[in-house]
Amino acid sequence: MTGPLRIGIMGCADIARRRMLPAMARAPLTEVVAVAGRDPARTRELAAVHGCRPVDGYAALLADDAVEAVYVPLPASLHAEWAEAALRSGRHVLVEKPAALRRESVRRLVELASGSGLALMENVMFVHHGRHAVVRKLLADRAIGELRGFEAHFTVPRRSEDDIRRRPELGGGALWDTGVYPLRAARHFLGSGLRVVGASLVRGPGHRVDSSGAALLVAPDGTCAHLSFGLDHAYRSGYALWGTGGSITVDRAFTPGADRWTEIRLDDGSEPRVLRQPPEDQAYNTVMAFAAAARAGGTADAICLEQARLLDDVRAAAARA
C-alpha cells in the first residue's frame with residue numbers, strides 16, 4: 001500500500017481528543033478516516049472536528065474497508081479484546097498502554113501480529129522524544145563513566161471518583177496507569193533482562209485500586225533501578241542516572257510540552273551543564289513511527305511483552321511483601 005495510513009479511532013477518550021487525533025491530522029503519513037464510539041452524539045461531534053466519518057460501534061469500524069489501522073484508547077480492561085479483534089480483522093494496531101493487563105494476553109497479541117505481518121505498537125510516547133536518544137548517546141560515550149544506578153518517578157494528582165484510573169473493573173490503578181512509565185524508562189536505559197527484586201503497592205484512603213507504588217529492579221550487570229509511581233500525589237515526572245564519574249537528570253521526562261524547550265542536566269565531574277533540547281511533539285513522533293512500521297510491512301513491538309512481564313512481576317512481588 002502507498003499513501004497515508006488510513007486510521008480508525010476506536011473510542012472518544014480524552015487522550016485521543018487532546019493528543020493523538022491532532023497529531024494524526026498533522027502527520028503526512030496518516031489520515032484519520034473514521035471514529036467509532038458508543039455514544040452517537042459524542043462520536044459525531046469528534047468526527048466532525050476532524051472531518052472524518054462517525055461509525056456506530058467498534059465492530060462496525062473493523063468491518064469498514066477504508067480502515068487500514070486502528071488506534072485503541074479504550075479503558076485498559078478492553079485493550080486485549082479489541083486489539084486482538086483488530087489484528088484478526090487484518091488491521092495494524094496502535095494501542096494505549098498497557099497493551100493488556102496480563103502478559104499472556106500481550107504474548108497472544110505479539111504472536112498474532114508477527115504471524116500476520118501487522119504492526120502492533122503500544123502507545124508509550126516518551127520513548128519517541130529525541131532528548132532520550134541524547135541521554136543514551138551520553139551513556140554510550142561514557143559521559144558519566146560506568147552506569148551504577150537509575151531512578152524514575154511518575155506521580156499525578158488525584159482524579160475524580162468516576163475517572164477510569166480509579167475503577168478496578170476498567171483496569172485502573174497506579175501500576176497500570178503511571179507505573180508503566182518508570183518501568184519502560186528502566187528498560188529503555190538499562191536494557192533487557194531486568195529482575196524485580198522488591199515492590200510495594202498501596203491502596204490509599206478513598207481508593208478502590210492501588211494509588212501508589214514502588215519497585216526495585218536489578219539489571220544483569222548489577223545496576224539497580226528505584227522506581228515510584230502514584231495517582232494521589234503532587235505531579236512528578238523525571239529520571240536520573242548515576243555513574244562512576246557523574247550524573248544525568250531529566251525533569252518532566254514523560255509529558256513534556258510539545259512547544260517547549262527541554263533540558264538535560266549533565267554533571268560529568270567538571271562544571272555541571274544544562275543541555276537544552278528543541279521542542280518536539282512526542283505524539284506526532286509516535287504516530288509517524290507507527291505509520292512507518294505499518295508501511296514497512298508490519299512489526300510487533302516486542303518490548304511491550306517484556307514490559308508486561310515486568311508489570312506482572314511487580315504485582316507479584318508486592319503481593320509477597
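Note: the structure precedes this text.
Residues numbered from 1 in each chain as written. Predicted model: local features only at pLDDT ≥ 70, side-chain atom pairs only at ≥ 80, totals over all residues. Heavy atoms only, no water.

1. Overview of the overall build of the chain
Here comes step 1: Summing up its helical and strand segments, the chain has 9 helices and 14 strands in all.
Here comes step 2: For a compact globule of 321 residues, the expected C-alpha radius of gyration is about 20 Å, and the chain comes in at 20 Å, within 12% of that figure.
Here comes step 3: Within the chain, buried positions represent 54% of all 321 residues.
Here comes step 4: Counting only contacts in the chain whose residues sit at least 6 apart along the sequence, the fraction spanning at least 24 positions is 69%. (Helix = DSSP H or I, 4+ residues; strand = E, 2+ residues; numbered from the N terminus. Rg over C-alpha atoms; globule rule 2.2 N^0.38 Å. Buried < 20%, exposed > 50% of the residue type's maximum accessible area, 1.4 Å probe, protein only. Contact = heavy atoms within 4.5 Å.)

2. Brief notes about the sheet that holds strand β10 (residues 224–230)
Backbone-to-backbone hydrogen bonds pair the strands of a sheet. The strands run either parallel or antiparallel.
Here comes step 1: The 8 strands are arranged β8-β9-β10-β7-β11-β12-β13-β14 in an open sheet whose pairing can be described as mixed. Looking along the sheet, the strands with just one partner apiece sit at the ends: β8 (195–202) and β14 (273–277). Within this sheet the neighbouring strands show an average axis-to-axis angle of 10°, counted without direction.
Here comes step 2: In this sheet, β14 lies alongside strand β13 (residues 262–267) in antiparallel orientation, the contact comprising 5 bridges. Within β14, the residue paired with Glu 263 across the bridge is Arg 276.
Here comes step 3: Contacts from helix α7 (residues 174–190) reach β7 (147–155), β8, β9 (212–218), β10 and β11 (236–243) within the one sheet, and its direction differs from that of β10 by about 155°.
Here comes step 4: Against the sheet, helix α9 (residues 303–320) engages β8 and β9, with an angle of about 65° to β8. (Pairing = 2+ DSSP bridges. Axes fitted to C-alpha atoms, helices over the stretch in contact; angles between N-to-C directions.)

3. Brief notes about the packing of aromatic side chains
Here comes step 1: Summed over all chains, the structure comprises 10 aromatic pairs.
Here comes step 2: Residues Phe 154 and Tyr 181 carry aromatic rings whose centres are separated by 4.6 Å and whose planes lie at 65° to one another, so their mutual orientation is edge-to-face. With Phe 154 in strand β7 and Tyr 181 in helix α7, this pair connects stretches of sequence that are 27 residues apart.
Here comes step 3: Here Phe 154 falls in the buried class, since its relative accessible area comes to 5%.
Here comes step 4: Centre to centre, the rings of Phe 154 and Tyr 235 are 6.1 Å apart; their planes meet at 90°, and the pair counts as edge-to-face. (Phe/Tyr/Trp six-rings, centres within 6.5 Å; stacked < 30°, edge-to-face > 60°.)

4. With respect to the side chain of Ser 211
Here comes step 1: Its place among the elements puts Ser 211 in the loop between β8 and β9.
Here comes step 2: Residue Ser 211 is classed as buried on the basis of its relative accessible area of 4%.
Here comes step 3: Within polar-contact distance, the side chain of Ser 211 engages the backbone nitrogen of Gly 204 at 2.8 Å.
Here comes step 4: Apart from the residues within four sequence positions on either side, Ser 211 is in contact with Ala 174, Val 202, Arg 203, Gly 204, Gly 230, Leu 231, Asp 232 and His 233. (Polar contact = N/O pair within 3.5 Å; in protein donor to acceptor, adjacent residues only side chain to side chain.)

5. Some thoughts on the pattern of salt bridges
Here comes step 1: Under the criterion given, the structure shown has 29 salt bridges.
Here comes step 2: A salt bridge links Arg 53 to Asp 64, with the shortest nitrogen-to-oxygen separation between them at 2.8 Å. Of this pair, Arg 53 sits in strand β3 (residues 53–56) while Asp 64 is found in the loop between α3 (58–62) and β4 (69–72), placing the two residues 11 residues apart along the sequence.
Here comes step 3: By relative accessible area, which is 37% here, Arg 53 ends up partly exposed. (Salt bridge = Lys/Arg side-chain N within 4 Å of Asp/Glu carboxyl O.)

6. Considering the environment of Leu 112
Here comes step 1: Among the secondary structure elements, Leu 112 is positioned in helix α5 (residues 103–116).
Here comes step 2: Overall, the relative accessible area of 15% leaves Leu 112 in the buried class.
Here comes step 3: Note: C-alpha distance between Leu 112 and Leu 147 (35 residues apart in sequence) is 37 Å.
Here comes step 4: Apart from the residues lying within four places of it in its own chain, the contact partners of Leu 112 are Glu 84, Leu 87 and Arg 88.

7. What about the packing of helix α1 (residues 14–26) against helix α8 (residues 282–295)?
Here comes step 1: Two numbers describe how α1 lies on α8: the axes approach to 9 Å, and their chain directions differ by 60°. What the angle tells us is that α1 and α8 run oblique. The chirality of how α1 crosses α8 is right-handed. Where α1 approaches α8, its residues Arg 19, Met 20, Ala 23, Met 24 and Arg 26 are matched on the opposing element by Gln 282, Ala 283, Tyr 284 and Val 287.
Here comes step 2: Grouping the constituent residues of the contact of α1 with α8 by class yields 6 nonpolar, 1 polar and 2 charged. (Parallel < 35°, antiparallel > 145°, perpendicular 65-115°, else oblique. Left-handed = near helix turned anticlockwise from the far one by under 90°. Nonpolar A, V, L, I, M, F, W, Y, C, P; charged D, E, K, R; others polar.)

8. Section: the pairing of β7
Here comes step 1: A large share of β7 lies buried, amounting to 7 of its 9 residues.
Here comes step 2: As judged from the 7 bridges shared by β7 and β10, these two strands associate in the parallel manner. Among the inter-strand pairings, His 153 is bridged to a residue of β10, identified as Ser 228.

9. Points about α7
Here comes step 1: With 17 residues, α7 ought to run about 24 Å at 1.5 Å a step, and its terminal C-alpha atoms sit 23 Å apart, in line with that.
Here comes step 2: At Val 180, α7 is deflected by roughly 45°, the largest bend along its length, and proline Pro 182 occurs up to four residues later in sequence.
Here comes step 3: In terms of residue burial, α7 counts as a mostly covered element, since 16 of its 17 residues are buried.
Here comes step 4: Count one or two residues on from α7 and you reach Gly 191, which has phi positive near 85°. (Expected span 1.5 Å × (residues − 1). Bend = angle between axes of the 7 residues up to and from the residue.)

10. Regarding the sheet that holds strand β6 (residues 120–123)
Here comes step 1: Taken in spatial order, the 6 strands line up as β3-β2-β1-β4-β5-β6 in an open sheet, and their pairing is parallel. Strands with a single pairing partner mark the edges of an open sheet, and in this sheet they are β3 and β6. Across the sheet, the axes of successive neighbouring strands diverge by a mean angle of 25°, strand direction being ignored.
Here comes step 2: Note that β4 and strand β5 (residues 92–96) share 4 bridges and pair parallel. Each bridged residue has a counterpart across the sheet, and for Ala 69 the counterpart in β5 is His 92.

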